[in-house]
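# Summary of the model geometry
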Amino acid sequence: MTTPPPAAARRARPSRPHLVYGGVQVGLSLVVAAATWSAWHNPWATVLWTMLWLPVSHAIALAAGFVMAAQADPTPARRAPAGVGIATWAYECAASILLLDLYQPWRSAAPLPAPSGPARAVAVLLLHGYGCNRAFWLRFARHLADAGYQCDAINLGPIFGDIDEYAPQIAGAAQALAERTRLPVVIVGHSMGGLAARACLSRHPTLPVAHTITLGSPHFGTLHARHGFGVNVRQMGIGSEWLIALANRETDAERARITSIYTYHDNVVYPTRTSVLPGAHNVALDRLGHVSLGTHPRARALVLETLERVAQGLRRGA
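Residue positions are counted from 1 within each chain, in the order its sequence is given. In view of the model being predicted, local features appear only for residues whose pLDDT reaches at least 70, and side-chain atom pairs are presented and counted only at 80 or more, with totals across whole chains, interfaces and linings using the full set of residues. Side-chain calculation: all heavy atoms of the structure are included, whereas hydrogens and water are not.

An unreviewed UniProt entry annotates the protein as Permease originating from Pandoraea nosoerga.

This is the structure in structure tokens:
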């Protein structure tokens, strides 16, 4: 029998900040269309520029991000042939344009797919990163559902607020998912979402959360934080008081229930060593950008392997 979509997903509300962002996209597209038509009076050029200005702008910004990351973190592990760098950038462009420019403005309330594979021993709560919403996980959740996992994803807000303010939302979602599925929960957090999970669990240690998987999370901060704004981005700066306090609150047992998956070629979280969390299980990838960790088959395979490892540990401990 097919499990119905999660109740939390059915009740999800659209993310207002991202709807505004989508409206700005549409407005700027109309401006580009009018300007192109005024300059050339060519319908094909008008359609072409109206469709391409956003992905081209995004691709240029991502290229600049990769260059800044390489200059700020010139470690041997980050070095790669030009062809590898271009391929990494191209995949990151495709993933970012799909998730950030298309899914997030218009699909932040979309229900997650119901599981269709074999029943699993854990459920999965998905947490997005800085400036994002739950639509970041729509493609990832489809693969989790195909593998049999029941999962939920929530919008963390306020979008530029204190990361500690997300703790009640995460705690409520984890508790609700555990009660609905009658399974222990594994949290998967991308970027800031991984920090939000750690912060929540350090304050609510009795939640039915068996493990946390972070993808590209800046556990010790990122130099890229200087290019953002908001309370949460200041908290993710290297050496921030908030990160130090979070690390000091955690116990060795809590760290042992964390897996940090990161990439040597992250264009947002750098230096790469800031994703290495002592006491956790750390796994490094390469040739993947920051958003690509939420879409690429290699990252997805590692998450699925970790979920199975957690389930096996629970069975042995039963």
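## Concerning the UniProt feature "domain: AB hydrolase-1" (unreviewed entry) in the protein
Condition: UniProt positions are given in the numbering used here, feature names are shortened, and annotations may be inferred rather than shown by experiment. In this text, helices come from DSSP runs of H or I with a minimum length of four residues, and strands from runs of E with a minimum of two, each type numbered from the N-terminal end.
The UniProt feature table records "domain: AB hydrolase-1" (unreviewed entry) at residues 124-229. Span residues 124-229 is 34% helix and 20% strand, its end C-alpha atoms 30 Å apart.

## Concerning the layout of surface pockets
In plain terms, the rule: Residues are called lining when one of their atoms sits within 4 Å of a cavity or pocket point, these points coming from a 1 Å grid over the protein atoms alone, where a cavity is a set in which a 1.4 Å probe fits but cannot get out and a pocket is an open set with protein on both sides within 12 Å along at least five of seven lines. Grid points are joined across faces, edges and corners, and a volume is the space filled by probe spheres set on the points. Three classes are used: nonpolar for Ala, Val, Leu, Ile, Met, Phe, Trp, Tyr, Cys and Pro, charged for Asp, Glu, Lys and Arg, and polar for all others, with Gly counted as polar.
Of the volumes computed, that of the largest pocket is approximately 1,100 Å³. Taken together, 38 residues make up the lining of the largest pocket; nearest its centre are L100, Y130, G131, H224 and V268. In terms of residues, the lining of the largest pocket owes the most to one element, helix α3 (residues 43-72), which gives 7 residues. The residue makeup of the lining of the largest pocket, split by class, is 20 nonpolar, 16 polar and 2 charged. Volume-wise, the second largest pocket comes out at about 280 Å³. Looking at the second largest pocket, it is lined by 14 residues, and the ones nearest its centre are F66, A70, R78, G85 and H265. Going through the elements one at a time, α3 and α4 (82-106) are the ones with two or more residues in the lining of the second largest pocket.

## Overview of the pairing of strand β1 (residues 123-127)
In plain terms, the rule: Burial classes: relative accessible area under 20% of the type maximum marks a residue as buried, over 50% as exposed, and values in between as partly exposed (1.4 Å probe, protein chains only). Here, any two strands with at least 2 DSSP bridges between them count as paired.
The buried fraction of β1 is high, at 5 of 5 residues. Burial along β1 is two-sided: the residues A123, L125 and L127 and V124 and L126 are all buried. Alignment of β1 against strand β3 (residues 185-190), held across 5 bridges, turns out to be parallel. Within β3, the position partnered with L126 by the bridge is V188.

## Focus: the UniProt feature "transmembrane region" (unreviewed entry) in the protein
Per the UniProt entry, the sites bearing "transmembrane region" (unreviewed entry) are residues 19-40 and 46-69 in this numbering. Secondary structure across residues 19-40 divides into 100% helix and 0% strand, with the first and last C-alpha atoms of the span separated by 31 Å.

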